[in-house]
Amino acid sequence: MFDQDFQFDSDIVDLARRLVGTRLLVRGVGGTVIETEAYGRDDPASHSWRGQTARNAAMFGPPGSVYVYLSYGCHLCLNVVGRTGEAVLIRAIRPEVGVPLMMQRRSQSPAIASGPGRVGQALGIGSGDSGQRFGTADFRLDFGPTAPRLLTGPRIGISRATDRPWRFGLADTPGLSRPFPC
DNA sequence: CCAACGATTCGCT
DNA sequence: GCGAATCGTTGGC
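Residues numbered from 1 in each chain as written. Chains lettered and ligands numbered in written order. Predicted model: local features only at pLDDT ≥ 70, side-chain atom pairs only at ≥ 80, totals over all residues. Heavy atoms only, no water.

When its secondary structure is counted, chain A shows three helices and eight strands. In terms of overall size, chain A behaves like a compact globule, its C-alpha atoms giving a radius of gyration of 15 Å where 182 residues would be expected to give roughly 16 Å. Projected onto its principal axes, the C-alpha coordinates of chain A cover approximately 40 × 40 × 35 Å. In chain A, buried positions account for 49% of the 182 residues. When contacts within chain A are restricted to residue pairs at least 6 apart in sequence, those whose partners lie at least 24 apart make up 60%. Approximately 8,600 Å² of chain A is accessible, and the part contributed by carbon and sulfur atoms is 51%. The centroid of the 21 positive side-chain charges in chain A is displaced by 6 Å from the centroid of its 16 negative side-chain charges. (Helix = DSSP H or I, 4+ residues; strand = E, 2+ residues; numbered from the N terminus. Rg over C-alpha atoms; globule rule 2.2 N^0.38 Å. Buried < 20%, exposed > 50% of the residue type's maximum accessible area, 1.4 Å probe, protein only. Contact = heavy atoms within 4.5 Å. Areas by Shrake-Rupley, 256 points an atom, 1.4 Å probe, with all protein chains shown as cover. Lys, Arg positive; Asp, Glu negative; His and termini not counted. Charge placed at Lys NZ, Arg CZ, Asp CG, Glu CD.)

Taken together, R50, T53, R55, L70, Y72, G73 and C74 are the residues near DNA strand C. One of the side-chain N or O atoms of R50 is found 2.9 Å from a phosphate oxygen in DNA strand C. Residue classes in the surface near DNA strand C are distributed as three nonpolar, two polar and two charged. (Near = heavy atom within 4 Å. Polar contact = N/O pair within 3.5 Å; in protein donor to acceptor, adjacent residues only side chain to side chain. Nonpolar A, V, L, I, M, F, W, Y, C, P; charged D, E, K, R; others polar.)

Before going further, it helps to spend a moment on helix α1 (residues 12–19). All buried positions along α1 are accounted for by I12, V13, L15, A16 and L19. Taken end-on, α1 shows its buried residues confined to a sector of 160 degrees, consistent with a single buried face. Of the residues flanking the start of α1, the one acting as N-cap is D11, its side-chain oxygen 3.0 Å from the backbone nitrogen of V13. (Arc of directions from axis to C-beta.)

This part takes up the environment of S65. Counting through the fold element by element, S65 comes out in the loop between β2 (29–39) and β3 (66–71). You can call S65 buried: its relative accessible area is 2%. Taking C-alpha positions, S65 is 9.1 Å from A87, a pair spaced 22 residues apart along the chain. Within polar-contact distance, the side chain of S65 engages the backbone oxygen of P62 at 2.6 Å.

Let us look at the nonpolar core. With 37 residues, the main nonpolar core has L24, L78, I90, I93, L123 and F134 as its most contacted residues. Among the elements that take part in this core, α1 stands out by supplying five residues, more than any other. For I90, the residues in contact, after removing those within four places along its chain, are L24, V33, E35, T36, L78, V80, P116 and V119. A45, A58, I158 and A161 belong to the second largest nonpolar core, which has 13 residues in total. (Core = buried A, V, L, I, M, F, W, Y, C linked by side-chain atoms within 4.5 Å.)

The next thing to look at is the protein's contact with DNA strand B. Near DNA strand B lie 20 residues; those nearest to it are Y69, N79, R106, G117 and R118. Among atoms of DNA strand B positioned within 4 Å of the protein, sugar and phosphate together represent 53%. Between a base oxygen of DNA strand B and a side-chain N or O atom of H75, the distance comes to 2.9 Å. Separating a phosphate oxygen of DNA strand B from a backbone N or O atom of G157 is a distance of 3.5 Å. Of all the elements in the fold, those that place two or more residues in the surface near DNA strand B are β3, β4 (75–81), β5 (87–97) and α3 (116–122).

The tally for this structure, following the rule as stated, stands at four aromatic pairs. Taking 5.0 Å as the distance between ring centres and 35 degrees as the angle between the ring planes, the aromatic pair formed by F6 and F8 counts as tilted. An identical accessibility class is assigned to F6 and F8; each is buried. Pairwise contacts between aromatic rings join F6, F8 and F143 into one cluster. Sitting above the plane of the F6 ring, R18 keeps its charged end 5.8 Å from the centroid. The positively charged end of R167 is found above the aromatic ring belonging to F180, 3.8 Å away from the centroid. (Phe/Tyr/Trp six-rings, centres within 6.5 Å; stacked < 30°, edge-to-face > 60°. Lys NZ or Arg CZ within 6 Å of the ring centre and 35° of its normal.)

A word on the side chain of R155. Residue placement: R155 occurs in the loop between β7 (150–153) and β8 (167–170). Once residues lying within four places of it in the same chain are set aside, the contact partners of R155 are E37, A38, Y39, D43, A45, A161, R164, W166 and R167.

This is how it looks when you write it as structure tokens:
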């Protein structure tokens, strides 16, 4: 399975669900996506809620774009852009390729990529990566071999639209950023 | 111009 | 479990 099979121009919640179980490689390093969140266009919790700005410009780029933002002044978080003004936050991956490098980037912490800031650090994401495209040599996304069993829950760390169950995780998988509600 | 605020993480109690 | 760290962006004055 290859990048061109991936349909970025689809409903953002559907895209968030489909991204769980795919293999993500950034410059040859990464693993299987195990947790995502969807952020829509008419979504008070989304960075695109108040329209396009310099910061969120990549969210308004073509489907399949990379959107990187700085969180709390210290964490670079990675998103997959869907339709205009919509994106999926990668909250956790299972480290599989280039594990020693990811461990080094994470200062040998056992929590290599269980959280959006940790994912960014483990994958070596830079602010300049915003606006790049998935499907290129640097940013690969490939379907996994099996249809994943999905967990669903409310999004983490937001104060608005907290009722939308737009967080998705791979069931029976260690390394999720937080437990899902029963 | 400036104050407030995060799609978080880490260390300490 | 709680609070500090940390800084670019945002929006109000």
